[in-house]
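# Chains, contacts and geometry: an overview
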Amino acid sequence: MATLMRFTKTVMKNLFSKPVTTAYPAGPAKVQERTRGQVSIDIDKCVYCTLCAMRCPANAIKVDRNNKIWEIDRFGCIQCANCVNVCAKNALSMDQHYTSPAAKSVIVTYGAPKQESEKEQAENKSEK
Amino acid sequence: MGNRSIVPFGPQHPVLPEPIHLDLVVEDEKVVEAIPSIGFIHRGLEHIVKKKDFNDYVYVAERVCGICSFMHGMSYCEAVERVMDVDIPERAKYLRTIWCEMSRIHSHMLWLGLLADAFGFESLFYQCWRMREKILDMFEMSTGGRVIFSVNKVGGVLRDMDHEMLSNFIKQFDDMEKDIIELTNVFLEDYTVNTRLRDVGILTKEQGLELGVVGPMMRASGIAFDTRKLKYAAYEWIDVEPVVATEGDCYARTYVRIKEIFQAFDIIRQAVKQIPDGEIAIKAKGMPNGEAFVRVEQPRGEAIYYVKGNGTKFLDRFRVRTPTFANIPSLLETTKGAQLADVPILILTIDPCISCTER
Ligand code: SF4
Ligand code: SF4
């Protein structure tokens, strides 16, 4: 009999305890200080050196040095934070929140002339 | 002699989320032969090494497998460090060891859950994964990722764990250990579970040696060997003895993995006690030129890494021999003569990871 009842203690505990799962998105997601969510850029610090684009293992970043455009493919990025580590100007950092799921690829452009930056704002909004 | 027929198993199968395909030749309900085919998820990761800077390839190497990701990244770094003759700081070695053992606990808890799922014990499955979740949280706290950590680099590690974090982890491990004992006793002592595991899929020591079995499956057949004895990361300063069982059946394999969870807790405690202060990384100068082999003990068994550099920033060759690949012949041996209903459990007890087998 004892060998049949091995799981009973766990079951009893389980019946009288709160759920261990959290009801995301109704509640906030658990994140830690070091969580690598998505790459964010402080475009004013960027000097368009293309180092991040060269070192990205997933080729998710495109930098146009002449037109001063910095572009990232959000779903191409694998959140390895290599770009953050190699950027000599400390322009890049890792956000704690992830890119929201989407059916289409999300390519975000920074540092472009006027028109583009409006588009970027719209994209940024839709991202959130 | 009954009627012979062929039952296809996988690559999509309810009990096994891994894309392996077996053609099972059955006679009534009994399996006479199993013919495997793999190659459904080959991604050509080894080839990328020729196109990516060897420093950046670490992040690709990690993605060889989603469960032993830390060990893949680490072993790649160790191999490149051996080629470049870099001796990384001791603290980095200890940190690597701690993350390795945490990966082992996470992997074995995952496996226990899947095993419970395979014999239809759903609530036990979820309880095992509940414990695994705690380890994932600790990983996120210490590295920033839940399954892919990106903390390795050639020359050391990228993140440190301070004293406070380590002692917090040790405290959590103490609590977890009690819960895990309670759960694993179900596997070891429950009557119903035992009927599914005992005397199923026996692999003898002789067969094991002949077929080149590795990892917990090897130790469950009475072969006392553990690659951690071969000194990589900080294992040379740590006391580790292989966990051995002699029966060679599914129960023995479960037993070995369960004991390894507790062994991993013990290793982490030793490592935290001994970890010295200091740097966590040094700069690796120059380019890799030459070749090196590294053997490490992953949760699934011994993995072998080969790296060949040519003096440029692109390596010539990177090769991984994963433990699952080495265990497939033994799997085929154990399925011979098994009941069709036991096949999912037999496949599970080698702890297959097809993603890393096919890279
Ligand atoms: S490495 Fe830094 S400064 Fe250079 S292009 Fe990238 S973000 Fe800009
Ligand atoms: S986090 Fe990694 S994958 Fe993503 S953009 Fe940076 S370097 Fe590329």
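Named according to an unreviewed UniProt entry, chain B is NADH-quinone oxidoreductase subunit D originating from Anaerosacchariphilus polymeriproducens.

## Quick notes on the overall build of chain B
Summing up its helical and strand segments, chain B has 12 helices and eight strands in all. Over its C-alpha atoms chain B spans a radius of gyration of 20 Å, differing by no more than 12% from the 21 Å that the globule rule assigns to 359 residues. If you line up chain B on its principal axes, its C-alpha atoms span 70 × 45 × 35 Å. For chain B, long-range pairs separated by at least 24 residues make up 70% of all intrachain contacts whose partners lie at least 6 apart in sequence. Looking at chain B, you have 43 positive and 52 negative side-chain charges, and the mean spots of the two groups are 5 Å apart.

## Here's the deal with the pairing of strand β3 (residues 69-73) of chain A
Looking down a regular strand, the side chains alternate between one sheet face and the other. Residue and element names in this part refer to chain A. As paired strands, strand β2 (residues 61-64) and β3 are joined by four bridges and run antiparallel to one another. Opposite valine 63, over in β3, you have tryptophan 70 as the bridge partner. Where β2 folds back on β3, the antiparallel hairpin that results is connected by four residues, among which lysine 68 adopts a positive phi of roughly 55°. Inspection of the sheet shows β3 paired to strand β5 (residues 107-110) by four bridges, in the antiparallel sense. Note that in β5 the partner of isoleucine 72 across the bridge is valine 108.

## Description of the packing of aromatic side chains
All names here are of chain B. According to the stated counting rule, one finds 15 aromatic pairs over all chains in the structure shown. Seen in terms of ring centroids, phenylalanine 262 and phenylalanine 265 are 6.4 Å apart; in terms of plane orientation they differ by 40°. Their pairing is tilted. With phenylalanine 262 and phenylalanine 265 both in helix α9 (residues 250-274) and three residues apart, this pair spans about one turn of that helix. The two residues phenylalanine 262 and phenylalanine 265 agree in class, both being buried. By way of ring pairs, the aromatic residues Tyr57, Tyr76, Tyr305 and Phe318 are connected into one cluster. We note arginine 132 situated over the ring of tryptophan 129; from NZ or CZ to the ring centre the distance is 4.9 Å. Note that arginine 257 overlies the ring of tryptophan 111, its terminal NZ or CZ placed 4.4 Å from the centroid.

## Quick look at the nonpolar core
Within the largest apolar cluster, 122 residues are counted, with the highest numbers of intra-cluster contacts made by Tyr76, Trp99, Met102, Phe119, Phe173 and Phe187 of chain B. Examining the composition of this core, we find that 16 residues originate from one element, helix α3 (residues 90-118) of chain B, more than from any other. In contact with phenylalanine 187 of chain B, not counting residues within four places along its chain, are Leu112, Leu115, Ala116, Phe119, Leu124, Cys128, Val193, Asn194, Leu197, Tyr251, Thr254 and Ile258 of chain B. One finds Ile41, Ala53, Cys83 and Cys87 of chain A within the second-largest nonpolar core, a separate group that totals 23 residues.

## Concerning the site of ligand 1
Close contacts around ligand 1 come from Cys46, Val47, Tyr48, Cys49, Thr50, Leu51, Cys52, Trp70, Cys87, Lys89 and Leu92 of chain A, and that covers them all. Partitioned by chemical class, the residues of the shell around ligand 1 number nine nonpolar, one polar and one charged.

## Describing the site of ligand 2
The local shell around ligand 2 consists of Val39, Cys56, Pro57, Ile61, Ile72, Cys77, Ile78, Gln79, Cys80, Ala81, Asn82 and Cys83 of chain A. Residue classes in the shell around ligand 2 are distributed as 10 nonpolar, two polar and no charged.

## Topic: the sheet that holds strand β8 (residues 315-321) of chain B
Residues and elements named next belong to chain B. Reading across from one edge, β6-β7-β8 is the order of the three strands in this open sheet, with antiparallel pairing throughout. Edge strands, defined here as strands with exactly one partner in the open sheet, are β6 (289-298) and β8. Geometrically, the sheet is characterised by an average inter-axis angle of 10° between neighbouring strands, direction not taken into account. Bridging between β6 and strand β7 (residues 301-310) involves 10 bridges; their strand directions are antiparallel. Note on β7: the bridge partner recorded for phenylalanine 293 is tyrosine 306.

## Observations regarding the UniProt feature "binding site: Mg(2+)" (unreviewed entry) in chain B
Residues and elements named next belong to chain B. Feature annotation in UniProt places "binding site: Mg(2+)" (unreviewed entry) on Glu46 and Val320, given in this structure's numbering. Taken along the chain, the residues just named run across 275 residues; in space they keep tight, none of their C-alpha pairs more than 8.1 Å apart. Considering the arrangement of structural elements, one finds glutamate 46 in the loop between β3 (30-37) and α1 (57-62). Its relative accessible area of 14% is what places glutamate 46 among the buried residues. If sequence neighbours within four positions are ignored, glutamate 46 has contacts with Tyr57, Arg317, Phe318, Arg319, Val320 and Arg359. Within the element layout of this structure, valine 320 appears in strand β8. Setting aside anything within four residues of it in sequence, one finds valine 320 in contact with Glu46, His72, Ile304, Tyr305 and Arg359.

## Quick word on the pattern of salt bridges
Residues and elements named next belong to chain B. Overall, the coordinates contain 26 salt bridges over all chains when judged by the stated rule. Across the pair arginine 91 and aspartate 277 runs a salt bridge whose closest N-O atoms are separated by 3.7 Å. With arginine 91 in helix α3 and aspartate 277 in the loop between α9 and β6, this pair connects stretches of sequence that are 186 residues apart. With a shortest N-O distance of 3.3 Å, arginine 228 and glutamate 101 are connected by a salt bridge.

## Some words on the packing of α3 of chain B against helix α5 (residues 163-189) of chain B
Residues and elements named next belong to chain B. Viewed as axis vectors pointing N to C, α3 and α5 meet at an angle of 25°, and their least axial separation amounts to 13 Å. Here α5 runs roughly parallel to α3, going by the angle between their axes. Between α3 and α5 lies a crossing whose hand is left-handed. Contacts between α3 and α5 involve Ile98, Met102, Met109, Leu112, Leu115 and Ala116 on the former and, on the latter, Leu166, Phe169, Phe173, Ile180, Thr184 and Phe187.

## With respect to the interface of chain A and chain B
Facing 26 residues of chain A, the contacting portion of chain B comprises 35 residues. Counting each side, the surface lost to burial between chain A and chain B is near 2500 Å², with a carbon and sulfur contribution of 45%. Its largest share of buried area at the contact with chain B, chain A owes to Phe7, Arg34 and Arg36 of chain A, together 30% of the area lost on that side. There are one salt bridge connecting chain A and chain B.

## Topic: the side chain of threonine 335 of chain B
Residue and element names in this part refer to chain B. Along the chain, threonine 335 turns up in helix α10 (residues 323-335). Taking relative accessible area as the criterion, threonine 335 reaches 0% and is therefore assigned buried. Within polar-contact distance, the side chain of threonine 335 engages the backbone oxygen of leucine 332 at 2.7 Å. Leaving out residues up to four positions away in the same chain, threonine 335 has contacts with Val31, Ala34 and Leu346.

Calculation rules
- Counting restarts for each chain: residues are numbered from 1 in the order of the written sequence.
- Labels follow written order: the first chain is A, the first ligand is 1, and so on.
- The model is predicted, so local features are restricted to residues of pLDDT at least 70 and side-chain atom pairs to those at 80 or more, both for listing and for counting; the totals for chains, interfaces and linings are taken over all residues.
- Computation of side-chain values covers all heavy atoms of the structure but excludes hydrogens and water.
- What counts as a helix is a DSSP run of H or I of at least four residues, what counts as a strand is a run of E of at least two, and both are numbered from the N terminus.
- We compute the radius of gyration over the C-alpha atoms and compare it with the globule rule, which gives 2.2 Å times the number of residues raised to the power 0.38.
- Residue contacts are defined here by distance: any two heavy atoms, one from each residue, within 4.5 Å place the two residues in contact.
- Charged residues are defined narrowly, with Lys and Arg counted positive, Asp and Glu counted negative, and His plus the chain ends left uncounted.
- Just so you know, the charge point we use is NZ for Lys, CZ for Arg, CG for Asp and CD for Glu.
- The pairing criterion for strands is at least two bridges between them, as found by DSSP.
- For this analysis, a ring pair means two rings from Phe, Tyr or Trp (six-membered ring only for Trp) whose centres lie within 6.5 Å, classed as stacked if their planes differ by under 30 degrees, edge-to-face if by over 60, and tilted for the remaining angles.
- Only protein chains enter the accessibility calculation, which uses a 1.4 Å probe. A residue is then buried if its area is under 20% of the maximum for its type, exposed if over 50%, and partly exposed in between.
- Our definition puts a charge over a ring when NZ of Lys or CZ of Arg is within 6 Å of the ring centre and also within 35 degrees of the ring normal.
- Only buried Ala, Val, Leu, Ile, Met, Phe, Trp, Tyr and Cys residues count toward a nonpolar core, and they belong to the same one when joined by side-chain atoms within 4.5 Å.
- Any residue with a heavy atom lying within 4 Å of a molecule or strand is counted as near it.
- Classification used: nonpolar for Ala, Val, Leu, Ile, Met, Phe, Trp, Tyr, Cys and Pro, charged for Asp, Glu, Lys and Arg, polar for all others including Gly.
- Comment: axis = line fitted to C-alpha atoms, over the contacting stretch for helices; angle = value between 0 and 180 degrees taken between N-to-C directions.
- UniProt positions are given in the numbering used here, feature names are shortened, and annotations may be inferred rather than shown by experiment.
- Whenever Lys or Arg places a side-chain nitrogen within 4 Å of a carboxyl oxygen from Asp or Glu, that contact is recorded as a salt bridge.
- Should an angle fall under 35 degrees it is taken as roughly parallel, and over 145 as roughly antiparallel, whereas 65 to 115 is taken as roughly perpendicular and any remaining angle as oblique.
- By definition, turning the near helix anticlockwise from the far helix through less than a right angle yields a left-handed crossing, and turning it clockwise yields a right-handed one.
- Two parts placed together each lose some accessible area; with a 1.4 Å probe, that loss summed over both constitutes the buried area.
- Polar contacts, as counted here, are pairs of nitrogen or oxygen atoms within 3.5 Å of one another; within protein the pair requires one atom able to donate a hydrogen and one able to accept it, and residues that are adjacent in sequence qualify only if both atoms are side-chain atoms.

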